[in-house]
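# Inside the fold
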Amino acid sequence: TEELLNKEYCWISGEELTEIVNQEDFQWIWAVLSGFDKNIELSEVLKYDLPYANEYEGFWNKPLTLQHPLSKIEIVPCDSSLTLFLSKDKKLVNSFMSSFPYSENLEDYLEK
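Description of the structure in this document. Because the structure is a prediction, the values reported are computed rather than measured. Each chain carries its own residue numbering, running from 1 in the direction its sequence is written. Local features in this predicted model are restricted to residues of pLDDT 70 or higher, and side-chain atom pairs are both shown and tallied only at a pLDDT of 80 or more, whereas totals for entire chains, interfaces and linings draw on every residue. To get the side-chain values, take all heavy atoms of the structure and skip hydrogens and water.

## Observations regarding the sheet that holds strand S3 (residues 82–87)
- Reading across from one edge, S1-S2-S3 is the order of the three strands in this open sheet, with antiparallel pairing throughout. The open sheet is flanked by strand S1 (33–35) and S3, the only strands paired with a single partner. Each strand of the sheet is rotated relative to its neighbour by a mean of 10°, with strand direction disregarded.
- A strand pair is defined by DSSP finding two or more bridges across the two strands. Only runs of H or I of at least four residues qualify as helices and only runs of E of at least two qualify as strands under DSSP, and these elements are numbered from the N terminus. Of the pairings in the sheet, the one linking S1 to strand S2 (residues 73–78) comprises three bridges and is antiparallel in character. Interaxial angle, 0 to 180 degrees, is taken between N-to-C directions of lines fitted to C-alpha atoms, where a helix line uses only the stretch in contact.

Below, the structure written as structure tokens:
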């Protein structure tokens, strides 16, 4: 797993990622986990710049934006102290916030 996750990018299914998270004990310090529809090919994804966690302004300005134009969801561990969860699907965002009761809506947070 370490070899897989230490590359510039890795291309795995959501099911594979879930299995890794359930089996391994590790922490992401900086990462962008972008989720794509299953019909999107890696070659399509690589036509665009790879997302990055540190200093991407779209996370901190309204309207919030996903970095990769083909992604449907981005989970972004930042400096091992904060995790951003962005999605075009509000149901996913609400589900995440229900599962993590101390989470905050990022748009509301930015208004403070």
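From this point on, the discussion continues.
## Brief notes about the side chain of serine 71
- The topology assignment puts serine 71 in the loop between helix H3 (42–45) and S2.
- Accessible area is worked out with a 1.4 Å probe on protein chains only. A residue is then buried under 20% of its type maximum, exposed over 50%, and partly exposed in between. The exposure class of serine 71 is buried, given its relative accessible area of 0%.
- Any N or O atom pair separated by 3.5 Å or less is treated as a polar contact, with the protein-specific requirement of one donor-capable and one acceptor-capable atom, and with residues adjacent in sequence counted only for side-chain atom pairs. Within the local environment of serine 71, its side chain forms a polar contact with the side chain of glutamate 74, the two groups lying 3.2 Å apart.

## Considerations on the packing of aromatic side chains
- Note on ring pairs: Phe, Tyr and Trp rings are taken, using the six-membered ring of Trp, and paired if centres are within 6.5 Å. Classes follow the plane angle, with under 30 degrees stacked, over 60 edge-to-face and the rest tilted. Per the counting criterion, the structure on display carries six aromatic pairs.
- Between phenylalanine 26 and tryptophan 28 the ring centres are 4.8 Å apart and the planes differ by 80°, which places this aromatic pair in the edge-to-face class.
- For phenylalanine 26, a relative accessible area of 33% gives the class partly exposed.
- Residue classification places tryptophan 28 among the partly exposed residues on the basis of a relative accessible area of 22%.
- Measuring from centroid to centroid gives 4.7 Å for tyrosine 56 and phenylalanine 59, while their planes differ by 75°, and the two rings are edge-to-face. The two residues tyrosine 56 and phenylalanine 59 agree in class, both being buried.

## Details of unusual backbone geometry
- Looking along the chain, the bond that leaves lysine 62 and enters proline 63 is cis, with omega of 0°.
- Relative to the assigned elements, proline 63 resides in the loop between H3 and S2.
- Residues other than glycine seldom take positive phi values, yet aspartate 79 does so here, at roughly 55°.
- With a phi angle near 55°, serine 80 is a residue other than glycine that sits in the positive phi range.
- For serine 80, the position within the fold is in the loop between S2 and S3.
- What makes serine 80 partly exposed here is its relative accessible area of 39%.

## Remarks on the nonpolar core
- Counting 10 residues, the largest nonpolar core consists of Val32, Ala53, Tyr56, Phe59, Leu66, Val76, Cys78, Leu84, Leu86 and Leu106.
- Only S2 and S3 provide two or more residues apiece to this core.
- Alanine 53 has contacts with Trp30, Ala31, Val32, Phe59, Val76 and Pro77, leaving out every residue within four places of it along the chain. As used here, the term nonpolar core means buried Ala, Val, Leu, Ile, Met, Phe, Trp, Tyr and Cys residues forming a set that is joined through side-chain atoms within 4.5 Å. Here, two residues are considered to be in contact whenever any of their heavy atoms come within 4.5 Å of each other.

## Looking at the pattern of salt bridges
- Only one rule defines a salt bridge in this text: a Lys or Arg side-chain nitrogen within 4 Å of an Asp or Glu carboxyl oxygen. This structure, assessed with the given rule, holds three salt bridges.
- Across the pair lysine 62 and glutamate 111 runs a salt bridge whose closest N-O atoms are separated by 2.4 Å. Placement of the pair is lysine 62 in the loop between H3 and S2 and glutamate 111 in helix H5 (residues 106–111), with a sequence separation of 49 residues.
- Classification of lysine 62 as partly exposed rests on a relative accessible area of 44%.

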